[in-house]
Amino acid sequence: MNGTIYKTCSCREEASGKKLGKSCPQLRRAGGKGERWSTTHGTWAYQLELPPHADGRRRNPLRRQGFAMLEEVEAELEHASALLALDEDPQVRRKITDLMLAVLKDTKALPPVEEVRRKVRTHQDLNPTMTVAEWMTEFLRRKRKIDQTTRRSYEAHIRLYFTPYLGDIRLDRLRVSDIAGMFDAIEEFNDVIATARASGDPDERAKVRYRRPVGPSTMHRIRATLRHALNIAIKQDRLIDFNPAAVVELPDADKPKALVWTDERVAAWNQDLHHRLAAEQQRRGGRVNPINVYISTPRPSPVMVWTPVHTSTFLAQAAGHRLAVLYRLIALRGLRRGEAVGLRWKDIDLNAGTAGVHWQITQLGWETIQGKPKTEASDRTIALDADTVTALRGHRKAQAAERLAAGQGWEDSGFVFTDEFGRPLHPQHVSDQSYLLSYEAGLPPVRLPRPPAWGCVPDVGCRGRSEGRAGDPRSCLLRLHPRHLHQRLPRSGPRRRRIHRRTRQHRRQRRPDRPADHPADPYLRHHHLNHRAQAGPPTLRRACLVCSAAVARVTQGWSSLNLCDVRASGSLREAADL
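The numbering scheme is per chain: residues are counted from 1 as the chain's sequence reads. At least 70 in pLDDT is required for a residue's local features to be given in this predicted model, at least 80 for side-chain atom pairs to be given and counted, and no such filter applies to totals for whole chains, interfaces and linings, which use all residues. The basis for every side-chain value is the complete set of heavy atoms in the structure, and neither hydrogens nor water enter the calculation.

A. Spotlight on the environment of Pro128. Helix numbers and strand numbers start at the N terminus; a helix is a DSSP run of H or I with at least 4 residues, a strand a run of E with at least 2. Tracing the backbone through its elements, the reader meets Pro128 in the loop between α3 (113–121) and α4 (132–142). Working definition: with a 1.4 Å probe on protein chains only, accessible area under 20% of the residue-type maximum means buried, over 50% means exposed, and in between means partly exposed. Judged by relative accessible area, Pro128 falls into the buried class, the value being 7%. Sequence spacing of Pro128 and Ile240 is 112 residues, and the spatial spacing of their C-alpha atoms is 9.0 Å. Here a residue-residue contact requires only that any non-hydrogen atoms of the pair lie within 4.5 Å. Setting aside residues up to four positions removed in sequence, Pro128 forms contacts with Arg170 and Asp172.

Here is the structure:
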């Protein structure tokens, strides 16, 4: 493109008052036919021809003036010419021209050559006008294969944080400082919530009703949502070439440490509960829902664990409740709340003593969503002990009686646990009833949706051992886990050799009198396996990875086993895959 450098000034004609511009006679030196520019009068300027419009119309040239030094105007003219020379495609040149004019209008400077060259090479949009709010709407529209709970989380982050704090910023101009400012504003609002709740003014408390302080874990999830949305903008549309959310520093989000409800902690918590009940009765004039105070009283840790005695007390209190079997499954089989509520009769085999966890009912806001478990590991089959099988048979009879009583109003939903008319249970109803039962039994509260918060019952026949310390959650006879799996040894590799080495050492120390003909099982992991079978072959000795106890001695056919047992057939490999 052709470019011209010249000088101009603000002098005017005396008669008309018109600006002389570059035709001012003082811009040229006297003598030498006026070919040399004056060094004392006027400022430097340049003019650069620009590519025409798409329809062929001529575009006004780029004119810039006000440069004090010749070197300055030469550098900018070279900069503008280099931008136009980045690509020979007329369409790309027009886009570069539009970008140059837009950036000059906003910043009074040309865009960097390297930045524009990178965008041209990667085929990015050279003239983005999309804001963060607009892109977040587009991002959410494109996410079609996500779970509804994940979509609800994205929508909340966009509505509460991204749109108010970052929505008006152009996407390509979003900086790390903008995102850091958003998190600073969130922390300031946390202080506002704490101050309003601590005040005795009902109007101030009403301003922050239904708003909870945003903790470090939630901040990390907010940043993860923003980082994912910006990564989509980079990978799919190339709207930006840098993700500022990836380098924002946040406080560490440490997971809360699980604590056992020891006698000392229970006593201190009960004292705090009584003080809060008295304060609420005085503030509300005696009309207080004790369950709300019971739930809201602060606990030593967000994750509290019952002892086996606490769990036994709870199950005894729930024995007469219509959901007693549901709580037993959660306590003894590690089901999540949604998995227990979504248990179906067609997935249960009472004769074989198994239950398939293939469906769940989760809570989204107040609405419920039915579907398969989110991960493949959660879709599993669990073993049922004999007492639980008996309890399920009794529950099925009670459900049949309710069906007869409901008559035409019964809804055949197929779920194991329903209301009096056969409709699926709401997960929150299960939690509310568990809090009520815990309060009536005089127990401290634990969160129902997390099975590890329940201890094991000491009288169910579990032969697990306690190797932890008092007050440690690991000291429970059985620390139940949602995935109560029985795994095999790796077929080869260093880990297999290490396990076999430890097993041999332990056998020499613990079982020196083991019979020489005792069969060695290469598929069993733990060393609590050296129990002789009480009957002839084929035999199978399995160990529970959670309680490290020998759990089964299975002879030909099927046997009724205890809490940690696995039902297995004569085939070792078939049983190892259970």
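What follows picks up the thread again.
B. Structural detail: the pattern of salt bridges. We count a salt bridge whenever a side-chain nitrogen from Lys or Arg sits within 4 Å of a carboxyl oxygen from Asp or Glu. Applying the stated criterion across every chain, the model contains 24 salt bridges. Glu114 serves as the salt-bridge partner of Arg117, at 2.5 Å between the closest nitrogen and oxygen. Of the two residues, Arg117 and Glu114 are both situated in helix α3; the distance of 3 residues between them amounts to about one turn of the helix. Arg117 sits in the partly exposed class, given a relative accessible area of 23%. Here Glu402 makes a salt bridge to Arg322, at a shortest N to O gap of 2.9 Å. Of the two residues, Glu402 sits in helix α14 (residues 386–406) while Arg322 sits in the loop between α11 (308–317) and α12 (324–333), which places them 80 residues apart along the sequence. Each member of the salt-bridge network shares a partner with another, and the members are Glu138, Arg141, Arg142 and Asp237.

C. Here's a closer look at the layout of surface pockets. Every definition here rests on a 1 Å grid over the protein atoms only: cavities are sets of points where a 1.4 Å probe fits but cannot get out, pockets are open sets enclosed by protein on both sides within 12 Å along at least five of seven lines, and lining residues have some atom within 4 Å of a point. Grid points are joined across faces, edges and corners, and a volume is the space filled by probe spheres set on the points. When its volume is computed, the second largest pocket comes out at roughly 510 Å³. Lining the second largest pocket are 27 residues, and of these Glu115, Lys119, Asp172, Arg173 and Arg175 sit closest to its centre. Counting residues per element, the lining of the second largest pocket draws most heavily on helix α2 (residues 90–107), which supplies 4 residues. Per-class residue counts for the lining of the second largest pocket are 16 nonpolar, 4 polar and 7 charged. When residues are grouped by polarity, Ala, Val, Leu, Ile, Met, Phe, Trp, Tyr, Cys and Pro land in nonpolar, Asp, Glu, Lys and Arg in charged, and all others, Gly among them, in polar.

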